[in-house]
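Architecture and fold: a report
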Amino acid sequence: MDKHEGRDAGTIRLDDPWYDALAVGWGEGEETPPPRPAPGGSPAHRASDIYLEVQRSAAFQEVRSRYRRFVVPATAGFFLWYVAYVVAATAAPGVMARPVVGAVNVAMLAGLGQFLSTFLLTWAYARHARLRRDRAALDLRWTVFEQERDQERNRARGAGR
C-alpha cells in the first residue's frame, strides 16, 4: 500500500492484490447486481467463476497440498504430545513429581516443554509458509486480481457502447 498525503490520505489503493474488496461494504445491505449479458449475447462471467477456475488449477492444488503436508502431521504430533502430557500427569503423578533440579520436577519441565513446542511449531509454520507457500499464493492472488480487472474493463467497455 502506498502512503497518500493530502485529500486522499488514508485511502487504500484498489490495485493492491492484498486489498480485500469483498470485505468492503460486506453486510451493509448492498446486493450484488446480477451479471449483465456480454456484447455477444452470452451472460458475462461472475467473480465467483474466476475463483472456481483458480481453485481447480494445478497451482492452487499444489499450494493446498503443501499446506496439508505440513499442517496435518504437525497438528497430529502436537496433539499427541499434549495428550501424553495430560495422561502422564493424571496416570503417573509419582513420575511427574520426581525432582530434576532443586524444586523443578518432571511435570514443570514437561509443562514448559508445552510452551516451548508451541513457539517452535509457530516458528516452523511461519517459515514453511514463507518458503513454500507465500510466493505461490501471491502469484495466484495476482492472477485472480488481473482476471477481475480484465473483467471490469470488459464490462466498462460493454456499458460504454
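That block above? That's the structure.
A brief structural summary.

Definitions and cut-offs
Residues numbered from 1 in each chain as written. Predicted model: local features only at pLDDT ≥ 70, side-chain atom pairs only at ≥ 80, totals over all residues. Heavy atoms only, no water. Helix = DSSP H or I, 4+ residues; strand = E, 2+ residues; numbered from the N terminus. Areas by Shrake-Rupley, 256 points an atom, 1.4 Å probe, with all protein chains shown as cover. Core = buried A, V, L, I, M, F, W, Y, C linked by side-chain atoms within 4.5 Å. Buried < 20%, exposed > 50% of the residue type's maximum accessible area, 1.4 Å probe, protein only. Contact = heavy atoms within 4.5 Å. Phe/Tyr/Trp six-rings, centres within 6.5 Å; stacked < 30°, edge-to-face > 60°.

1. Points about the overall build of the protein
- Scanning the protein for helices and strands turns up 4 helices and 2 strands.
- The helix and strand sequence of the protein, counted from the amino end, reads α-α-α-β-β-α.
- Approximately 12,600 Å² of the protein is accessible, and the part contributed by carbon and sulfur atoms is 61%.

2. Describing the nonpolar core
- With 5 residues, the main nonpolar core is built from Ile 50, Val 54, Val 63, Leu 140 and Val 144.
- At the level of secondary structure, the elements contributing two or more residues to this core comprise helix H1 (47–56) and helix H4 (106–159).
- Setting aside anything within four residues of it in sequence, one finds Ile 50 in contact with Val 144, Gln 147, Glu 148 and Gln 151.

3. Concerning the packing of aromatic side chains
- Counting across every chain of the model gives 2 aromatic pairs.
- Pairing Phe 70 with Tyr 125 gives two aromatic rings, centres 6.0 Å apart and planes at 50°, and the pair type is tilted. You can see Phe 70 sitting in helix H2 (residues 58–91) and its partner Tyr 125 sitting in helix H4, a full 55 residues away along the chain.
- Judged by its relative accessible area of 33%, Tyr 125 falls in the partly exposed class.
- With a centroid separation of 5.4 Å and an interplanar angle of 85°, the aromatic rings of Trp 142 and Phe 145 are classed as edge-to-face.

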